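Chain by chain, the residues run as shown.
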Protein chains: 2
Amino acid sequence: MFEQLGLIGCGLMGGSFALALKKAGLVKRVVGYSKSPSTTDRARQLGVIDVEAPSALLAAAGADIVLVAVPVAATESTLKSIKHLVTPQMLVMDVGSTKSDVVQAARVALRDQIGSFVPAHPITGREVSGVEHADATLYDGRQVILTPTERTLPACLQRAEEVWRALGCHVSRMSPDAHDATFAAVSHLPHLLAFAMISSITSQPHADEMLAMAGPGFRDFTRIAASDPKMWRDILRANQGEVLTQSRLFRQALQNFEDAMQTDGDQALEDLITLASHTRAHWRMGAHRKNKDH
Amino acid sequence: MFEQLGLIGCGLMGGSFALALKKAGLVKRVVGYSKSPSTTDRARQLGVIDVEAPSALLAAAGADIVLVAVPVAATESTLKSIKHLVTPQMLVMDVGSTKSDVVQAARVALRDQIGSFVPAHPITGREVSGVEHADATLYDGRQVILTPTERTLPACLQRAEEVWRALGCHVSRMSPDAHDATFAAVSHLPHLLAFAMISSITSQPHADEMLAMAGPGFRDFTRIAASDPKMWRDILRANQGEVLTQSRLFRQALQNFEDAMQTDGDQALEDLITLASHTRAHWRMGAHRKNKDH
């Protein structure tokens, strides 16, 4: 399907994309670049990329598909550095967890070349990062949200959908704003709460004794708190308005539970828990999407 | 080791204890009672209990070990109903997630017989409940916290430790108050936050669309939100003081993150996330306890 992938950013997400594309037989050659030369070197040793490029520009040179898998804050400078090579025949995508800022960065950086850029957010990840954890199955069975602009070329959008589908993904489209509002609620806020809860415990005198007693509920609830700090600093900052809105709504919901405990009585508390428990017990990852597909 | 287990409450926790005791060859016969006759009937059909008792008192009759596995709010009335049969040769335990209220209930209900009662909290559970999910391995490898009182008979405490160890558990002791403060932080608060977060989403106009987009981070973070509503209503109420204290500390921690996002800048936000991420990445379930053992 593709002759050459230009991979800019050889971390978990980028490396896994390269491996998945290779495994599916969809690319002949992967040319990779990472900011850190040792990462690029390691990616080549691990067979994630075939050729090391000394710059983002040279990773994109000759590629018919380019994946920008860098921290969201670095999207604009990365796209600027490859702008002169972007053509309507080239598909350029990112994998960032926020989209309004990425689209804005692409407008500034790519200008008239923005039609080749298809903003993408694959709903996957690990609490570990780095090319060592790259995994050809990371995207398999997961959702990918594409947030095209009014200037995105239909052919590029179609190729983007095809390549993600070929990797086993379920593809849907949203506007960048709707994407960011949705993921503030179901991803960014949960991360913020998990970080804050660990922070709340570590600020207490008996933190170590408390953590020693924690069980499987705590383990799963806080798994995402081990996520990469720089990446999540950038995500929370990039989507700050929506995240703060969700945090405000969450505080109100927590207040409702506390009011039920202190004032409204057992039945009010049970009703609140029952609605939450029922909602979560009947939730299935990707269920909505599957219903649409079949 | 034991002739007869009197099981009062044939749900997930009680049923799993009976199955584990049988599997380990530690009991000859299990006599069970549940408030709902259909549950007791089902427990017998599933081989979780051998004999159905028509009352808690008759489940305890002739038993040398009694497990009270009822909602924490029902502990006092349950212990009262078996008080006349409790002897120093009998070991009576519960499996409740809160301990100060259970100890208080035992003082009131058992009076001079309280020496036979060893309050126990096995750190395990499922987001599903009911005897259908009873599992002989539920306790294997998990921690059990015993919170004896000054009147607990040494022989009963020793037998309690032996039986949990025989089921593969790691046993430790705490005071009831220290137990409740600790578990408010590492278990009850996470449940409250997970309930509140689901509640916050369902209160929004696009809740269904949001939930349809949620991925594996959300899945793990909210798993405990599917827990049994009545059980968690009782736990939050029983440990309300400590839970509200932890909620207040959590709100402050969340405020620190919001201040970092809005005022203090990127480095402050990154520092907060880094400390949380580092703490969680190095946490291992039961690691503290293993260091002690070896």
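About the cut-offs
Residues numbered from 1 in each chain as written. Chains lettered and ligands numbered in written order. Predicted model: local features only at pLDDT ≥ 70, side-chain atom pairs only at ≥ 80, totals over all residues. Helix = DSSP H or I, 4+ residues; strand = E, 2+ residues; numbered from the N terminus. Rg over C-alpha atoms; globule rule 2.2 N^0.38 Å. Buried ≥ 20, exposed ≤ 12 C-beta atoms within 10 Å, placed from the backbone. Contact = placed C-beta atoms within 7 Å. Nonpolar A, V, L, I, M, F, W, Y, C, P; charged D, E, K, R; others polar. Axes fitted to C-alpha atoms, helices over the stretch in contact; angles between N-to-C directions. Parallel < 35°, antiparallel > 145°, perpendicular 65-115°, else oblique. Least-squares fit on C-alpha atoms with pLDDT ≥ 70 in both. Expected span 1.5 Å × (residues − 1). Bend = angle between axes of the 7 residues up to and from the residue. Domains from an automatic or database assignment.

**Q** Any details on the overall build of chain A? Residues and values, ideally.
**A** Check the secondary structure of chain A and you find 13 helices and 9 strands. Against the globule reference of 19 Å for 294 residues, chain A gives a C-alpha radius of gyration of 21 Å, in line with a compact fold. Across its three principal directions, the C-alpha atoms of chain A cover 65 × 40 × 35 Å. Classification of the 294 residues of chain A by burial places 54% in the buried group. Taking contacts inside chain A between residues at least 6 apart in sequence as the whole, the part at least 24 apart equals 76%.

**Q** Explain the interface of chain B and chain A to me, using residue names and the numbers behind them.
**A** Between chain B and chain A, the contact holds 77 residues from the first and 75 residues from the second. At the level of elements, helix 7 (176–202), helix 8 (207–213), helix 9 (216–221), helix 10 (229–238), helix 11 (240–264), helix 12 (266–282) and helix 13 (287–293) of chain B are the ones that each hand at least two residues to the side of chain B that touches chain A. For the side of chain B that touches chain A, the leading source of residues is helix 7 of chain B, giving 19 residues. Along the lines of polarity and charge, the residues of the side of chain B that touches chain A split into 43 nonpolar, 22 polar and 12 charged.

**Q** Could you give an account of the packing of helix 7 (residues 176–202) of chain A against helix 12 of chain B, naming the residues involved and the relevant values?
**A** Direction vectors running N to C along helix 7 of chain A and helix 12 of chain B enclose 80 degrees, while the axes themselves pass 9 Å from each other. Taken together, the axes of helix 7 of chain A and helix 12 of chain B are roughly perpendicular relative to one another. Side by side, helix 7 of chain A and helix 12 of chain B meet where F195, I198, S199 and T202 of chain A of the first sit next to L272, I273, L275, A276, T279 and R280 of chain B of the second.

**Q** Outline the relation of the copies chain B and chain A, supporting the account with residue identities and numerical values.
**A** Of the two same-sequence chains, chain B is brought onto chain A (RMSD 0.0 Å, axial shift 0.0 Å) by a rotation of 180 degrees. Taken together, the rotation and translation describe the operation of a two-fold axis. Nearest to the rotation axis, the C-alpha of F221 of chain B is located 2.0 Å from it, this being the minimum over chain B. Here 97% of the interface residues in chain B have copies in chain A that are interface residues too; the copies meet face to matching face.

**Q** Which residues make up helix 7 of chain B, and what are the values?
**A** Residues and elements named next belong to chain B. A rise of 1.5 Å per residue sets the reference length of helix 7, with its 27 residues, at 39 Å; its end C-alpha atoms lie 36 Å apart and thus fit the reference within 8%. Of all the bends in helix 7, the greatest measures close to 55 degrees and is centred on A184. Counted residue by residue, helix 7 has 24 buried out of 27 residues, so it is predominantly covered.

**Q** Can you break down helix 5 (residues 100–110) of chain B residue by residue, with the values?
**A** All names here are of chain B. In terms of residue burial, helix 5 counts as a mostly covered element, since 8 of its 11 residues are buried. Listed in full, the buried residues belonging to helix 5 are S100, D101, V102, V103, A105, A106, A109 and L110. Tucked inside the fold, the buried residues of helix 5 contact helix 4 (75–82), strand 5 (91–94), strand 6 (117–118), helix 7 and helix 10. R111 sits one or two positions beyond helix 5 and adopts a positive phi of about 45 degrees.

**Q** So, the environment of G125 of chain B: which residues are in play, and what are the values?
**A** Residue and element names in this part refer to chain B. If you trace the backbone, G125 turns up in the loop between strand 7 (120–122) and strand 8 (143–146). Residue class for G125 comes out buried when judged on the 22 C-beta atoms lying within 10 Å of it. Along the chain, G125 and Y139 lie 14 residues apart, while their C-alpha atoms are 8.7 Å from each other.

**Q** Lay out the domain arrangement of chain A with the relevant residues and their values.
**A** Residues and elements named next belong to chain A. One can read the domain layout of chain A as domain 1 (2–174) and domain 2 (179–293). For domain 1 and domain 2, the distance between their C-alpha centroids amounts to 30 Å. If you look at the interface, domain 1 gives 17 residues, while domain 2 gives 18 residues. Listed by contribution, the elements that provide at least two residues to the side of domain 1 that touches domain 2 are helix 5 (100–110), strand 8 (143–146) and strand 9 (170–173). Residue classes in the side of domain 1 that touches domain 2 are distributed as 5 nonpolar, 9 polar and 3 charged.

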